[in-house]
Amino acid sequence: MKPSEQRDLFPGALEMMILRTLKIQPLHGYALAQHIKKASNHTLQIEEGSLYPALQRLLKAELLKAEWSISSTNRRVRIYKLTPAGAKHLQHEVSRFERMLEGITRVLSPHES
Amino acid sequence: MNRLKQLFFRRRLYDDIDQEIAAHLEERTEQLVTDGMSAKEAASAARREFGNVGLVTETAREAWGWRWLEDLIADLRFGVRMLLKFPGFTLTVIFTLALAVGANTAIFSLVNALLLKNLPYPHPERMGTIYTRISGGAKPSDERHSLNGEQWELLRDQVPALISGLSGSTTGVNLKAGSAAAYVHNGRVSARYFDVLAIRPLLGRYFSDEEDRPHGPNAVILSYPLWRNRFAANEHILGQTILLKSDPHTVVGVLPPDAVTPLNADVYTPLRPSRDGEGGGTNFQVITRLRDSSTWQEADAQLNRSWSLRENRYELTGNPGVQVIYYSVPLQKGQTDPIRPQVLALMLSAGFILLIACANLAALTLVRVVRRTPEVATRMALGASLWQIQRQFWVENLLLALVGGAAAVAVAFAMLRLLLLRLPEHFLPVSAIPLDGRVLTFTLAVSVLTSLLFGMLPAMAARSVDFRSSMGGRTVARIGSPRLRLALIAGEVALTVVLLAGSGLLIRSLIHLQTLPPGFNSHGLMVAKASLDDVRYHDPAAFRRLLDQSTSAMRLIPGVVNAAVGSNLPYEFTGNDWITLSDGKEAGQQGGADWVYVTPGYFETLQMPLISGRFLTQADGPNAQHVVVVNRSFARKFYGGGNPVGRYIDKDTLIVGEVADVPLSSGLNPVAPLQTEETLYSPAAQLEARLLSVIHVWVQPDWIVRTSGPVSSLAADMQRALGSVDATLPVSGFYGMSDLMARTLATQRIEVALLGGMAALALLLSAVGVFGLVANMVAQRTREIGIRMALGSSVGRSMWQIGLTGVGASLFGVLFGLLACAGALRVMRSVIFGVGVYDPLTLSAVILVLLLFAWTAAVLPALRIATIDPAKTLRDE
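In this text, all values refer to a predicted model and were calculated from it rather than measured experimentally.

Asker: Before we move on, can you summarise the overall build of chain A with the specific residues and values?
Answerer: In terms of regular secondary structure, chain A is built from 4 helices and 3 strands. For chain A, the N- to C-terminal ordering of α and β elements is α-β-α-α-β-β-α. Looking at chain A as a whole, 29% of its 113 residues are labelled buried.

This is the structure in structure tokens:
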């Protein structure tokens, strides 16, 4: 199932959220999934598995870097980290999203004095 | 990681994904267990939350974009496995492809070498030759003509837009350098000839104008292979003298190593064209090169202006009102036009074979799809789309095409080798037929196209199969309408009919030519040819002495019954002469006739029957009355069939005898490769010095002996006998009479071999097609037949019904084929001799052969019906 087919998410939303989350701190797949769920206050229903194809796409586009290391709980995990290109892409996507949101908001609230 | 690295290390990427996902599930499970779930529940909950692990893995891998490649590789591996699993099918397809595509490749490489490849000279598009178009009048024509001396002089002097090169016929001459004597090919060319080819000499220079003038100094240019082999690449060869035709020639130049000329000779001497002698008739070939500053239009304009003002316009003889235009034509076209129709006909025939093969392969592939419906149905049930199934089949077809194509190249190579071995030397205007890039690309394209063709039919038919019901494996689905398969068979058979009819006509034509009434006894004869193009034999006395003494010596060989010399023998190309009748009511009439000089004993050695008068004898010497013997056709043409003996021609030459006609190759009025024509026989002893000095340039006389039985060392004995009179006269070749005929009929024999071979191949393929059709029908209907037989139908009746379908389709094919022949055979009119184009005997034979093959091919598999046990069939129900 492609992320774009999920309810409430438009194409690129998942990638944007992943980049944003990893901007704060590098994480591995499981932690990333938990983080997004918590941060959205469980309003977004994302299947955990859908993260992985998105992560691969971001890896291929060189917006992320991945490295195997040992986590705090002594587990072998693959840590994803934002690249400079990724940071720039995130900035770009966020501002685009905000502009779009502004436009939609305007349309949805026509009475503005 | 760049793209290429990603491709080669994708295993590692995929492993990372797998490990990640496994770790994720592990972590989630642990978390849930910590939260209080049991281990088992936690594991399945984690999986549920995650989603479909297999799907996620696949989608994650897809992100890297190698899915298409991996699918292709999977298809390839599966395809190879499937093809190996059904070796009968695979081998049959590859074999059929190899033969059909191989034949096409072989023919195409011929076309490539002869028609497509550029001439191996600089700027070949600026090289040309001259065509003469005669319109209106009795015999309009548009072709390349030979030139006479007058045309050449005008071309050379009055057409400055062209650099022109002239050549005469290539002759065989004796070369003597130091003590070694050899027989070599001599090309006679004008001074600028190599400039037209734009070849620079390796050593020295080309002929000067002085050397190209009659009675100029003798010069010779050596070809590179000759210089290397006979003169050990001696760099100081220039200025040295060698003996050609026993005449000293100065070596003035050597050609570079890869120089190729249209004459393909070992040495070159100046042609010395003039308006007399050889130049009195159209005996020269011309090639031209456009000067850099000129255009073809300018050249043609100058040419027409100059040649229209000629005194002696042979094109107008007998055709006063015609329009004549001269124009330049690219040299490649000029050289290949004569053979273009044959080569294209060959391509067409090869195309037919390809179509027939495609029909067979389509049928085979259809059967294969049927056989694999259980597998296909299972795959579709597991989620494969129709596109994926079809893609699998296309990949398999492509594999077959590639392997078949590779095999085809090998087959073509073998076919070309065989062909070149059987062709006489210098038959083709090129020396080698390579399988170059263009040919290989052609092979690949044809293989792929063929596989598309024969794969398309079943792919379209497969769409309509109900796979679900066929998964059980019991029902063998009926794919595509049976009418389609029958139509394919009919089409194959029709094409085969055309090919068989064509080659049948060629065969009958060849047999007709080979069995023309010989007019002499052709058994027990041995022929030796030698070149008398030698200054010593310009002297009539020396010439007479050579002929007398050599024939006497040969008569002394044990086993030899008689010996003689003639300038031409039956079946050979014969020179001709223009004569005037001198007495009686036909006085003043003129005409052409073939002309041969002979020694006394010629007619007796050949055992030619004497119709009236006498043969030539020793008494017909140089100082006696000039005499000739003529043949039946001569008497018929000039004297209306009356007795020619006692009549005079050319003022004082007396006709003393009339002999039977013999078949020869005409230079006078060629209608067929072998024909009978009006001929004059002159005594060799009465040849004048003036004629002697030029005739041996293009005539090689034959020494002929008749033996009473086989003589094992005859060739060596004849050589010794000749050598006893002149030790430096090498024999250029020994032949039997059948060899001479084979040489003259070489083209016809090649045509029969090629077209006959293809017709045989087509017949085989069609028979296989019919066989396959009926066998398949038997297999499909085994159950039905078994039931019918259990219900009372007889074996014979079942066989009859099934076999009839196969024969019926063939009958339709024969009908269509005959219709096609009505149009197709007409184009063969110019290459068929002695039979009509719609020869009933040939057509009947074709129909019979085809029906016989079709009937056999249909009956054999139908016989299997006899082994169907109706009880067993019922049990299986």
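Asker: I'd like a rundown of the overall build of chain B, residues and numbers included.
Answerer: Each helix and strand in chain B was counted, giving 28 helices and 25 strands. Its C-alpha atoms give chain B a radius of gyration of 38 Å, clearly above 29 Å, the size a compact globule of 877 residues would have. Principal-axis analysis of the C-alpha atoms places the extent of chain B at approximately 135 × 75 × 60 Å. Looking at chain B residue by residue over its 877 residues, the buried ones come to 38%. Partitioning the intrachain contacts of chain B with sequence separation of at least 6 by distance along the chain shows that 83% fall at a separation of at least 24.

Asker: Run through the interface of chain A and chain B, naming residues and quoting values.
Answerer: Taken together, the 15 residues of chain A in the interface contact 17 residues of chain B. Of all the secondary-structure elements, those providing two or more residues to the side of chain A that touches chain B are α2 (29–39), α3 (51–60) and β3 (76–82) of chain A. For the side of chain A that touches chain B, the element with the most residues is α3(A), which contributes 5 residues.

Asker: Describe in detail the packing of helix α2 (residues 10–34) of chain B against helix α3 (residues 39–50) of chain B, supporting the description with residues and values.
Answerer: All names here are of chain B. One way to put it is that α2 packs onto α3 with a least axis distance of 8 Å and a crossing angle of 130 degrees. As far as their axial angle goes, α3 and α2 are oblique. α3 is crossed by α2, and the crossing has right-handed handedness. For the pair formed by α2 and α3, the contact residues are L25, R28, T29, L32 and V33 on the first element and A39, A42, A43, A45, A46, R47, E49 and F50 on the second.

Asker: So what's going on with the pairing of strand β2 (residues 64–70) of chain A? Residues and values would help.
Answerer: Residue and element names in this part refer to chain A. The pairing of β2 with β3 spans 7 bridges and is classified as antiparallel. Note that in β3 the partner of S69 across the bridge is V77. In this structure, the hairpin formed by β2 and β3 is closed by a connection of 5 residues, where N74 is found at a positive phi of approximately 65 degrees.

Asker: Account for the environment of M758(B), naming residues and giving values.
Answerer: Residue and element names in this part refer to chain B. Looking at where M758 falls in the secondary structure, it is placed in helix α24 (residues 746–780). For the pair formed by M758 and I353, sequence separation is 405 residues and the distance between their alpha carbons is 7.3 Å. Setting aside residues no more than four positions away along its own chain, M758 makes contact with A103, S349, A350, I353 and L499.

Asker: Got a sec to walk through the confidence of the model for chain B? Specific residues and values, please.
Answerer: Residues and elements named next belong to chain B. Averaged over chain B, the pLDDT score is 86; the fraction of residues at 70 or greater is 96%. Helix α19 (residues 602–606) holds the highest mean pLDDT among the elements of chain B, 95, whereas helix α16 (residues 467–470) holds the lowest, 54. Residue range residues 473–477 is modelled with pLDDT below 50. Its contacts to residues more than four positions away, or to other chains, number 10 contacts. Scored as a whole, the predicted complex attains pTM 0.77, and scored at its interfaces, ipTM 0.85.

Asker: Provide a residue-level description of the nonpolar core, including the pertinent values.
Answerer: All names here are of chain B. Membership of the largest hydrophobic core comes to 148 residues, with the highest contact counts inside it found for I353, V497, M758 and A762. Per element, the largest residue contribution to this core is 17 residues, and it comes from helix α12 (residues 340–371). Of the residues that make up this core, three or more belong to each of domain 3 (339–513 + 746–876) and domain 4 (533–728).

Asker: Lay out the environment of Y80(A) in plain terms, naming residues and giving numbers.
Answerer: Residues and elements named next belong to chain A. Within the secondary structure, Y80 is located in strand β3. For Y80 and L22, which are 58 residues apart along the polypeptide, the C-alpha to C-alpha distance reads 7.3 Å. Apart from residues lying up to four places away in sequence, Y80 is in contact with L22, P26, L27, H28, L55, L64 and A66.

Asker: I'd like a rundown of the packing of α24(B) against helix α26 (residues 795–824) of chain B, residues and numbers included.
Answerer: Residues and elements named next belong to chain B. Two elements in contact, α24 and α26, have axes separated by 9 Å at closest approach and are oriented at 150 degrees. Here α24 is positioned roughly antiparallel relative to α26, judged by the angle of their axes. Considering only the axes of α24 and α26, their crossing is right-handed. Counted together, V770, L773, V774, M777 and V778 of α24 and I802, G803, T805, G806 and S810 of α26 form the full contact between these two elements. By residue class, the composition of the contact of α24 with α26 is 6 nonpolar, 4 polar and no charged.

Asker: Lay out unusual backbone geometry with the relevant residues and their values.
Answerer: Leave glycine aside and you will find that most residues have negative phi; peptide bonds, for their part, are mostly trans. Backbone geometry at N74(A) places phi at a positive 65 degrees, although glycine is not the residue there. Position of N74(A) among the secondary structure elements: in the loop between β2 and β3. On the basis of neighbour counts, which here come to 6 C-beta atoms within 10 Å, the residue N74(A) falls in the exposed class. Of note, R272(B) is a non-glycine position whose phi angle comes to about 55 degrees, a positive value. Within the element layout of this structure, R272(B) appears in the loop between β10 (267–270) and β11 (285–290).

Asker: Quick rundown of helix α18 (residues 540–555) of chain B? Include the residues and the values.
Answerer: Along an α-helix, residues three or four positions apart point the same way, because every turn accommodates 3.6 residues. Residues and elements named next belong to chain B. Along its 16 residues, α18 runs 23 Å from first to last C-alpha, staying within 8% of the 22 Å computed at 1.5 Å per residue. Among all positions in α18, only F543, L546, L547, S550, T551 and M554 are buried. The buried residues of α18 all sit within an arc of 110 degrees when viewed along its axis, so they share a single face. Those residues of α18 that are buried are in contact with β14 (560–566), α21 (689–695), β24 (702–707) and α22 (714–725).

Rules used in this analysis
Residue numbers run consecutively from 1 along every chain, following the written order of its sequence. The lettering of chains begins at A and the numbering of ligands begins at 1, in the order of writing. It should be noted that, the model being predicted, local features are given only for residues of pLDDT at least 70 and side-chain atom pairs only at 80 or more, the latter also being counted only at that level, while totals for whole chains, interfaces and linings use all residues. Counting from the N terminus, the helices are DSSP H or I runs at least four residues long and the strands are E runs at least two residues long. For every residue, the other C-beta atoms within 10 Å of its own C-beta are counted; 20 or more classify it as buried, 12 or fewer as exposed, and values in between as partly exposed. C-beta atoms are placed from the backbone. Each radius of gyration reported is based on C-alpha atoms, and the globular scaling rule is 2.2 Å times the count of residues to the power 0.38. We call two residues in contact when their backbone-placed C-beta atoms lie within 7 Å. To obtain each axis, a line is fitted to C-alpha atoms, and for helices this fit is confined to the stretch in contact; angles are then taken between N-to-C directions over 0 to 180 degrees. What sets the label is the angle itself: under 35 degrees gives roughly parallel, over 145 gives roughly antiparallel, 65 to 115 gives roughly perpendicular, and the rest give oblique. Crossing handedness: left-handed means the near helix sits turned counterclockwise from the far one by under a right angle, and right-handed means the same turn made clockwise. Note on pairing: two strands pair once DSSP finds at least 2 bridges between them. Confidence scores labelled pLDDT are given residue by residue by the predictor and lie between 0 and 100. By definition, a nonpolar core groups buried Ala, Val, Leu, Ile, Met, Phe, Trp, Tyr and Cys residues that connect through C-beta atoms lying within 7 Å of each other. Where each domain starts and ends comes from a domain assignment, either automatic or drawn from a database. For this classification, Asp, Glu, Lys and Arg are treated as charged, while Ala, Val, Leu, Ile, Met, Phe, Trp, Tyr, Cys and Pro are nonpolar and the rest, including Gly, are polar. Under the convention used throughout, the expected extent of a helix is 1.5 Å for every residue step, that is, one less than its residue count. Taking the helix axis as origin, the arc is that swept by the directions to the C-beta atoms.

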